[in-house]
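# Working through the structure, step by step
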Amino acid sequence: MLKINNLSKTFKLNTKQKKQLSKDYVYAINNINLALSGNQIVAMIGSNGAGKSTLMRLLTGTLLPSNGEILIDGINIFEDLNQARALIGLVSDNTQLYHRLTVRENLTFFAKLYNMKNSQIKSRIDQLSQTMKFNDFLDKRLSDCSTGMKQKANIARALIHQPKLLILDEPTSGLDLMSAQTALKIIEQQKNENCLVIFSTHHLHEVEMLADHIIAIEQGHCVFSGNQQDFISHHQGDTLYQAALNCAQQVIL
Ligand SMILES: Nc1ncnc2c1ncn2[C@@H]1O[C@H](COP(=O)(O)OP(=O)(O)OP(=O)(O)O)[C@@H](O)[C@H]1O
């Protein structure tokens with residue numbers, strides 16, 4: 001479903017950084033190759049600055065690579081961005097909704113951007129509000145919604161066009177326990193919707209709870225791709241926590 005071939009992304013350094021590091025650019029993503037099938041939940045883990053957000057931005061086509069390609073169902077997202085965007089949903093800090101509009105109006109607005117017909121929009125909003133349980137605030141203005149409600153609406157926005165690839169960058173960041181739990185349950189449901197879900201997190205209990213597959217990124221490299229059990233044994237840990245610590249401490253030459 002998703003193929004990443006020889007993917008790299010460099011960023012130019014500013015004058016001060018150039019002096020400090022004695023180089024002109026930094027590899028945020030360094031020659032990543034991955035193949036992932038659909039109908040599974042993938043957790044992306046890694047230290048601060050490892051390259052997770054950069055990889056997510058590349059996956060959604062919002063950032064262009066310095067080298068390599070990403071294929072979703074055979075579509076090269078950098079060559080055919082419009083077609084690819086119809087297959088992708090993104091939830092991140094930067095995907096904001098309109099505060100003066102209601103949840104329903106927001107979802108309708110974004111659905112129209114995907115050229116959905118009015119009848120399709122209505123039935124999709126009905127479906128999402130039932131499965132994600134937000135009937136009670138569908139007609140509330142975003143500005144009157146709690147942080148948890150807003151995140152639910154944000155996830156619904158990303159799902160409105162039934163994407164095949166759902167990307168969530170730290171989806172529970174800033175949420176209280178109950179709201180985070182709700183967001184995680186919604187993510188879990190997507191496995192039944194013929195969707196490949198990739199979420200980044202620093203919370204290992206979320207990985208334990210949801211992930212069929214783990215991708216570990218360190219210093220721009222993909223240092224592991226496989227299931228939880230293999231991750232733990234590969235990094236000689238008794239627990240996911242210990243394995244993740246060992247993984248983060250490994251030096252990349
Ligand atoms: N626009 C940019 N210009 C220069 N360097 C950048 C830019 N964006 C990211 N970087 C650098 O690329 C590297 C990867 O950053 P990225 O934000 O992808 O890491 P991350 O794994 O998401 O980190 P965190 O867990 O802290 O969110 C870092 O060294 C960062 O400083």
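### Some details on the overall build of the chain
Helix and strand counts for the chain come out as 10 helices and 10 strands. Taking 2.2 N^0.38 as the reference for a compact globule, 253 residues should give roughly 18 Å; the C-alpha atoms of the chain span a radius of gyration of 19 Å, in line with that estimate. Overall size of the chain, expressed as C-alpha extent along the three principal axes, is 55 × 40 × 35 Å. When the 253 residues of the chain are sorted by exposure, 38% land in the buried category. Taking all contacts inside the chain whose residues are at least 6 apart in sequence as the whole, residues at least 24 apart take part in 67%.

### Side note on the sheet that holds strand β8 (residues 196-200)
The 6 strands lie next to each other as β6-β7-β8-β3-β9-β10, forming an open sheet whose pairing is mixed. Here the strands that pair on one side only, and so sit at the sheet edges, are β6 (88-91) and β10 (221-226). The sheet shows a mean angle of 15° between the axes of neighbouring strands, taken without regard to direction. By the bridge criterion, 4 bridges tie β6 to strand β7 (residues 165-169) in an arrangement that is parallel. Its bridge partner being in β7, V91 is matched across the sheet by L168. Sheet strands in contact with helix α2 (residues 52-59) are β3 (40-45), β7, β8 and β9 (213-218), and its direction is about 150° off that of β7.

### Some remarks on α2
Counting buried positions over the 8 residues of α2 gives 6, a clear majority of the element. Those residues of α2 not exposed but buried are K52, L55, M56, R57, L58 and L59. G61 lies just past α2 and shows a positive phi near 75°.

### A short note on the sheet that holds strand β2 (residues 25-36)
Pairing is antiparallel across the open sheet formed by 4 strands, whose spatial order is β2-β1-β4-β5. A single partner strand is all that each edge strand has here, and the edge strands are β2 and β5 (75-76). The sheet strands contacting α2 are β1 (2-12), β2 and β4 (67-72), and the helix crosses β2 at an angle near 60°.

### Focus: the confidence of the model for the chain
Mean pLDDT over the chain: 91, with 99% of residues reaching 70 or higher. Across the interface, the model reports ipTM at 0.95; the global pTM reads 0.92.

### Some words on helix α10 (residues 240-249)
Along α10, the residues that are buried comprise L240, A243, A244 and C247. For α10, the arc enclosing every buried residue in end-on projection is 100°, short of the 170-degree limit, so these residues lie on one face. Residues of α10 that are buried make contact with β3, α8 (204-210), β9, β10 and α9 (228-234).

### Considering the site of the ligand
Taken together, the residues surrounding the ligand are F11, V26, A28, G46, N48, G49, A50, G51, K52, S53 and T54. Of all the secondary structure elements, the ones that give two or more residues to the shell around the ligand are β2 and α2. Examining the composition of the shell around the ligand, we find that 3 residues originate from one element, α2, more than from any other.

### Some remarks on unusual backbone geometry
In this structure, N39 takes a positive phi of about 55° despite not being glycine. Its location among the elements puts N39 in the loop between β2 and β3. The class of N39 is partly exposed, set by 15 C-beta atoms lying within 10 Å. Even without being a glycine, Q219 presents a positive backbone phi close to 50°. By the secondary structure assignment, Q219 is in the loop between β9 and β10.

### Observations concerning the packing of helix α4 (residues 103-113) against helix α6 (residues 147-159)
Where α4 meets α6, the closest approach of the two axes is 9 Å, and the angle between their N-to-C directions is 25°. Classified by the interaxial angle, the pair formed by α4 and α6 is roughly parallel. Crossing geometry of α4 relative to α6 is assigned as right-handed. Residues V103, N106, L107 and F110 of α4 form the contact with α6, whose own contacting residues are A153, A156 and R157.

Cut-offs used in this document
Residues numbered from 1 in each chain as written. Predicted model: local features only at pLDDT ≥ 70, side-chain atom pairs only at ≥ 80, totals over all residues. Helix = DSSP H or I, 4+ residues; strand = E, 2+ residues; numbered from the N terminus. Rg over C-alpha atoms; globule rule 2.2 N^0.38 Å. Buried ≥ 20, exposed ≤ 12 C-beta atoms within 10 Å, placed from the backbone. Contact = placed C-beta atoms within 7 Å. Pairing = 2+ DSSP bridges. Axes fitted to C-alpha atoms, helices over the stretch in contact; angles between N-to-C directions. pLDDT = per-residue confidence, 0-100. Arc of directions from axis to C-beta. Near = placed C-beta within 6 Å. Parallel < 35°, antiparallel > 145°, perpendicular 65-115°, else oblique. Left-handed = near helix turned anticlockwise from the far one by under 90°.

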